[in-house]
Amino acid sequence: MTTQTARRVPDLAPSTEFTLPACDERKLDNGLTILAIQRSSVPLVEVRLRIPFVDAPVADSSVLAQTLLSGTAEKSIVDIAAELQSVGGALGASVDPDRLLVSGNALVDGLPRLLGTLSEVLHGAAYPTDQVTVERERLADHINVARQQPGHLVQVALLRRMYGTHPYSIQTPDPEEVGAVTPEQLLTLHGGRIHPSGATLVIVGDLPTERALDFGERALADWNGHTPPREPEPVPPLRPGPVTLVDRPESVQSSLRIALTGVSRTHPDNAAQQLANLIYGGYFSSRMVANVRENKGYSYSPRSGVDHALAGTAVVISADVATEVTAPALWEMWYDLGRIASTAPTQDELDQARRYALGTLRLGTATQSGLASLTSSFAGWGLRPDWLLGHANRLATVSIEDVQRVAAEIFAPTKAITVVLGDSTHVKAPLEALTTVDGEE
């Protein structure tokens, strides 16, 4: 037997000033904006090309993102992969209701070749029939699998309840629509929407910004097409009302989702909104986690988050619970909304949330990849990385009164919409004891 002396947990290190490297910018005649940041941590470079893709057909754009890099008239998908691998690089594409994003990285010396390959794809993606067939079948299979998952099913129902007929309401296409997409449709979509006007190329890496800007201009100055990007249609206001119950027979769990209207990323109250969300349910030390998870044991990972999209911002709250505690868990989530909307946070709650927010901001910009992704994302709002410095200052100065005021405006449970996915045979009656319930076909 040995005696161990208790060791004191060290104090947190004092906060230091949040800084970012300079971001240089160049606007090309074709409408493309290039942003370059020198970050010399590793001899790599990260590239993000953000192309506005508002109101693009969901099925077509989903398949296009999967097949954009599948070949050109001169190069096969294997040739493109070999070209990228020769410089330790890779490229990939993704799409959402606001943008098409092409992401990549390479060794610094390989940046010209990486950008050259990107240029070839932008100018001449061929969408070969065999590759389109393979990728649309794979995508359809993934969607069919997702349709069996409660997280996907409740998300579909929530988007429908939130957005009605707005384009945001459908973000996953039907497998049948995916299977019907043709190479000709993809070529038409590419020719009509993949243009430099309004697009942003971000380059972050271990090289001077002037060289990065030169490389970007040399590769993409002749990228043509001047169709102006479409402006997103504002999302409709949320209409609180009965709980939407989506029946999932014989389910042993219920998926609970609550949505509220938030303020945009550029709104003066955004920093206070972020801290209010953290205090409510945005991290492990939040009120909802302490109540729903630790005290009641209803859910392993209840959480809330602020989703910023170009057409509108939403606060989305989620929890997955056992069927028998569906109504009590929902009641506690609403109760915590009422608490954050009507009860000021303590100074300790605010200080902890503030430290967490500033810490995650530092972590998000600590790597080349994170800095490139954040810079690209903010570019969609016309923002530059120095906006983060102002945001950090705003986070540092938000007061208890600011959080209380913003929480009362945003988090009031009477302003929320609620969707529950579960076995209606067991959960409908307990829910009706709390509120009015509508079913969904």
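In this text the structure is predicted, and so the values were computed from the model without any measurement. (Residues numbered from 1 in each chain as written. Predicted model: local features only at pLDDT ≥ 70, side-chain atom pairs only at ≥ 80, totals over all residues. Heavy atoms only, no water.)

1. A few points about the pattern of salt bridges
Taken as a whole and judged by the stated rule, the model has 19 salt bridges. Two residues, Arg26 and Glu210, come together in a salt bridge whose shortest N-O distance is 2.7 Å. Taken as a pair, Arg26 in strand β1 (residues 23–27) and Glu210 in helix α8 (residues 209–220) lie far apart in primary sequence, 184 residues in all. Among the residues examined, Arg26 registers a relative accessible area of 17% and is labelled buried. Of the charged contacts in the structure, one is a salt bridge between Arg26 and Glu217, with a shortest N-O distance of 2.8 Å. Remark: Glu217 occurs in helix α8 and Arg26 occurs in strand β1; sequence separation between them is 191 residues. On the basis of relative accessibility, which here comes to 31%, the residue Glu217 falls in the partly exposed class. (Salt bridge = Lys/Arg side-chain N within 4 Å of Asp/Glu carboxyl O. Helix = DSSP H or I, 4+ residues; strand = E, 2+ residues; numbered from the N terminus. Buried < 20%, exposed > 50% of the residue type's maximum accessible area, 1.4 Å probe, protein only.)

2. A word on helix α11 (residues 326–342)
Along its 17 residues, α11 runs 24 Å from first to last C-alpha, staying within 8% of the 24 Å computed at 1.5 Å per residue. Among the residues making up α11, those that are buried are Thr326, Ala327, Ala329, Leu330, Glu332, Met333, Trp334, Asp336, Leu337, Ile340 and Ala341. (Expected span 1.5 Å × (residues − 1).)

3. Considerations on the nonpolar core
Of all hydrophobic cores here, the largest spans 59 residues; its most connected members are Leu275, Ile317, Met333 and Phe411. For Phe411, the residues in contact, after removing those within four places along its chain, are Leu260, Ala276, Asn277, Tyr280, Val315, Leu337, Ile340 and Ala341. Membership of the second largest hydrophobic core comes to 51 residues, among which are Ala36, Leu111, Leu115 and Tyr127. (Core = buried A, V, L, I, M, F, W, Y, C linked by side-chain atoms within 4.5 Å. Contact = heavy atoms within 4.5 Å.)

4. A word on the pairing of strand β11 (residues 417–422)
In terms of burial, β11 is a largely internal element, six of the six residues being buried. Of the two faces of β11, the one carrying Ile417, Val419 and Leu421 and the one carrying Thr418, Val420 and Gly422 are both buried. Bridge analysis of strand β7 (residues 243–247) against β11 gives four bridges, and the strand direction is parallel. Along β11, the bridge assignment pairs Thr244 with Val419. Taken together, the five bridges between strand β8 (residues 253–261) and β11 define a ladder with antiparallel strand orientation. (Pairing = 2+ DSSP bridges.)

Interpretation in functional terms is not warranted from these geometric data alone.
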